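Examining the three-dimensional arrangement
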Amino acid sequence: MPDQSHGHPDGGRAGQTALIEMIDVDKEFANGTVAVRDMSLVINKGEFVSFLGPSGCGKSTALKMISGLLSVSNGSITVNGHLAGQSPDASDIGYVFQEANLLPWATVFENVYLPLKLRGLSRKEASARVEEALAMVGLAKFAKSYPRQLSGGMRMRVSIARAMVTKPKLLLMDEPFAALDEMTRAKLNDDVLQLWESQGLTVIFVTHSVFESVYLSSRVVVMAARPGRVVHDIALGDGYPRNAAYRMTAAYTESCRLVSNALEGTMDHVDLNH
Ligand code: ADP
């Protein structure tokens, strides 16, 4: 009997319906760098997956290939049954980068409205959705503010609202909170979990923080560099909801230890031939 009180009863893998299928994916850049090699992964609808690994192990490249921003060199990626980048509805995917990347001369409203404006919606048609997206991230009262008037954490919330305004099913987040202080980061972690649950999202979250990956995810994909590849795929048994109390549990500490050991072990996997 599923837990009716919770959107993701078993930590996100309840549906067991594949959303993303990566099969034998390679990415070699023109300069010969093999950023990703032989990556195969199935991500189900509703999962919260982290890509964890040191700088340069291909996390961003993998995310960009899933979104269609970068092409694959070999292999294939499908998202919701369509080859990556070829979905008839580009709104299916939201993307959040490490930098908030807001237009400094435009208000918060205008920044969040932008993706809908690019799809041809008038301000009037879009305004309810923009307001809804701002409410989702707790910024309903800041529609008229300018980015310079906001803190780093608030700017990142605007960036998340902008990604959510098209109502994506898949949210790709590339080290979104790396530049924020720890308190703000913890708060935003909770906000992302809340969005994930309330919106029924699938999230892929790139980070190099073991703690962040464990706190958020139902599954941690550990990657290693040179060449970038998957070395561990760890399903975390800890349930949801997760909150400040979870950080104090033995289960959290144990999961951090498990993931940390896997990450340390990545150094043993360096293939010196590449
Ligand atoms: P991560 O996100 O894990 O830090 P990246 O995916 O950004 O790693 O990069 C993986 C590897 O590919 C790195 O060695 C990086 O220098 C290289 N790389 C990334 N983008 C390019 C590019 N456009 N051209 C050449 N090499 C690149």
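Before reading further, recall that the structure is shown in the block above.
Below: a short report on this structure. (Residues numbered from 1 in each chain as written. Predicted model: local features only at pLDDT ≥ 70, side-chain atom pairs only at ≥ 80, totals over all residues. Heavy atoms only, no water.)

All right, on to the sheet that holds strand β6 (residues 93–96) then. One open sheet accounts for six strands, arranged β6-β7-β8-β3-β9-β10; its pairing is mixed. Every other strand in the sheet has two partners, leaving β6 and β10 (229–235) as the edge strands with one partner each. Put simply, the sheet's adjacent strands are angled 15° from each other on average, direction ignored. Across six bridges, the pairing between strand β9 (residues 219–224) and β10 is antiparallel. Following the sheet pairing, M223 is matched in β10 by V230. Along the sheet, helix α4 (residues 152–164) contacts β6 and β7 (170–174); its crossing angle with β6, the most-contacted strand, is approximately 165°. (Pairing = 2+ DSSP bridges. Helix = DSSP H or I, 4+ residues; strand = E, 2+ residues; numbered from the N terminus. Axes fitted to C-alpha atoms, helices over the stretch in contact; angles between N-to-C directions. Contact = heavy atoms within 4.5 Å.)

The final tally for this structure, using the stated rule, is nine salt bridges. Of the charged contacts, one joins R219 and E47 as a salt bridge, the two residues approaching to 3.0 Å between their closest N and O atoms. Linking R219 in strand β9 with E47 in the loop between β2 (34–44) and β3 (48–52), this pair joins segments that are 172 residues apart in sequence. According to the relative accessible area criterion, R219 is buried, its value standing at 3%. On the basis of relative accessibility, which here comes to 0%, the residue E47 falls in the buried class. (Salt bridge = Lys/Arg side-chain N within 4 Å of Asp/Glu carboxyl O. Buried < 20%, exposed > 50% of the residue type's maximum accessible area, 1.4 Å probe, protein only.)

As a further point, take the packing of aromatic side chains. Counting across every chain of the model gives eight aromatic pairs. Judged by centre distance (6.2 Å) and plane angle (40°), the ring pair of F48 and F205 falls under tilted. Separated by 157 residues along the polypeptide, F48 in strand β3 and F205 in strand β8 (residues 202–207) bring together distant segments of the chain. Note on accessibility: F48 and F205 belong to one class, buried. Relative to Y240, the ring of W196 has its centre 4.7 Å away and its plane inclined at 55°; by these criteria the two rings are tilted. Taken together, the residues span a long stretch of sequence, with W196 in helix α5 (residues 182–199) and Y240 in the loop between β10 and α7 (250–264) at a distance of 44 residues. (Phe/Tyr/Trp six-rings, centres within 6.5 Å; stacked < 30°, edge-to-face > 60°.)

Glancing now at the nonpolar core. Judged by nonpolar contacts, the single largest core of 55 residues is most densely connected at F48, V130, I160, M173 and F177. A per-element tally of this core places α4 first, with seven residues. Those residues in contact with M173 that lie beyond four places of it in its chain are L63, V96, I160, V192, V203, I204, F205 and V206. Counting residues in each nonpolar core, the second largest holds 25 residues, with V49, M65, V79 and M223 among its members. (Core = buried A, V, L, I, M, F, W, Y, C linked by side-chain atoms within 4.5 Å.)

Quick look at the site of the ligand now. As a structural note, the neighbourhood of the ligand is formed by F29, N31, T33, A35, P54, S55, G56, C57, G58, K59, S60 and T61. A distance of 2.9 Å separates an oxygen atom of the ligand from a polar atom in the side chain of K59. Of all the elements, helix α1 (residues 59–67) adds the most residues to the shell around the ligand, at three residues. When the residues that make up the shell around the ligand are grouped by side-chain class, the tally is four nonpolar, seven polar and one charged. (Near = heavy atom within 4 Å. Polar contact = N/O pair within 3.5 Å; in protein donor to acceptor, adjacent residues only side chain to side chain. Nonpolar A, V, L, I, M, F, W, Y, C, P; charged D, E, K, R; others polar.)

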